[in-house]
Amino acid sequence: MRESDRAVSDMIAFVIVFSLIITSVGITYTYGYSTLTDYQEDEQKRNAERAFVALSNNIGDMEGRHIEGRSGELRLAGGTISVEKDTEITVEAPSWSMPTRTAGALTYEFEDTRIEYENGAVFRRDGDNRRVMLSEPEYQCTDSHATVSVLTLDAPNSAGLSSDGTVQVIGKLENRYLHYPQNRTGTNSTSVDNVRVTVDSSSTEAWEEYFNENGWDVSASGSSITAKCEPSSGQIDLYVRETRIDITFIN
């Protein structure tokens, strides 16, 4: 073989090998980068879940104990955090009722995922899928007693916040009320025939599932559900409390 033919063959081989390398690198970069991005987004959503569940535990301490404030942190990673006022809760017994409260929901939105802390419960929704309850509220229904804990959130000094960095979420106790029983004996003392809780929320399906699984009789109408706690016989002791908390965001 002449030297010129050998040189041409070597050049063709080099071009083929080089092209294969470049193609392999391009494919690896394209699909590898996409996989890495998906992993990072999924991890951010899991981190937000954990942060909201931890925050629900902290605020739960404010509901049940004499604690004036709690805080937590969340890396927003381009997402948005806010308090939305679109959930209403009403509590009624046969001879008593609590005026409707606007609960307020602490909400984090990232890509197509929405995580919410509403009336003591944590929810997650991905895309158009139904909401899943990640952490349960302070409600009880048994043959002997019922406990209803209404949690209202407000953000009087904080608008919604969007950032790539970390935000500190501060909850400060505004007030705490025991609505029922009103008296130690006689009218509106502890015992009642039943209690009804009506929740009007975008998380209606998750609330309905929660009440059904925890001993309440549930009826649904549009965006609201009514959960009824009634003993098989006699009366139940009823306790209804309300905790109001102001939320502040510090970036």
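Everything below is about the structure printed above this text.
In short, a report on the structure. (Residues numbered from 1 in each chain as written. Predicted model: local features only at pLDDT ≥ 70, side-chain atom pairs only at ≥ 80, totals over all residues. Heavy atoms only, no water.)

1. Remarks on the pairing of strand β5 (residues 105–110)
Here is step 1 of the chain: Among the six residues of β5, five are classified as buried, and the element is accordingly described as predominantly covered.
Here is step 2 of the chain: Looking at chain direction, strand β2 (residues 80–84) and β5 are connected through five bridges and run antiparallel. Paired with Thr80 across the bridge in β5 is Glu109.
Here is step 3 of the chain: Where β5 meets strand β6 (residues 113–118), six bridges bridge the pair, whose relative direction is antiparallel. In the strand pairing of β6, Glu109 is matched with Arg114.
Here is step 4 of the chain: The turn linking β5 back onto β6 is made up of two residues, and Glu111 within it adopts a positive phi angle of 55 degrees. (Buried < 20%, exposed > 50% of the residue type's maximum accessible area, 1.4 Å probe, protein only. Helix = DSSP H or I, 4+ residues; strand = E, 2+ residues; numbered from the N terminus. Pairing = 2+ DSSP bridges.)

2. Some thoughts on the packing of aromatic side chains
Here is step 1 of the chain: Summed over the entire model, instances satisfying the criterion amount to ten aromatic pairs.
Here is step 2 of the chain: Taking 5.8 Å as the distance between ring centres and 25 degrees as the angle between the ring planes, the aromatic pair formed by Trp207 and Phe211 counts as stacked. Of this pair, Trp207 and Phe211 both sit in helix α2 (residues 204–213), four residues apart, which is roughly one turn of that helix.
Here is step 3 of the chain: A centroid spacing of 5.2 Å and a plane angle of 65 degrees characterise the contact between Phe211 and Trp216, whose relative ring orientation is edge-to-face.
Here is step 4 of the chain: What links up through ring pairs into an aromatic cluster is the set Phe123, Tyr139, Trp207, Tyr210, Phe211 and Trp216. (Phe/Tyr/Trp six-rings, centres within 6.5 Å; stacked < 30°, edge-to-face > 60°.)

3. Things to note about the sheet that holds strand β15 (residues 217–221)
Here is step 1 of the chain: The sheet built from five strands is open, its strands ordered β4-β3-β14-β16-β15 with antiparallel pairing. Because the sheet does not close on itself, it has two edges, and the strands there are β4 (96–102) and β15. Taking each pair of neighbouring strands and ignoring which way they run, the sheet shows an average axis angle of 15 degrees.
Here is step 2 of the chain: The pairing of strand β3 (residues 88–93) with β4 spans five bridges and is classified as antiparallel. For Ala93, the partnering residue across the bridge sits in β4 and is Trp96. (Axes fitted to C-alpha atoms, helices over the stretch in contact; angles between N-to-C directions.)

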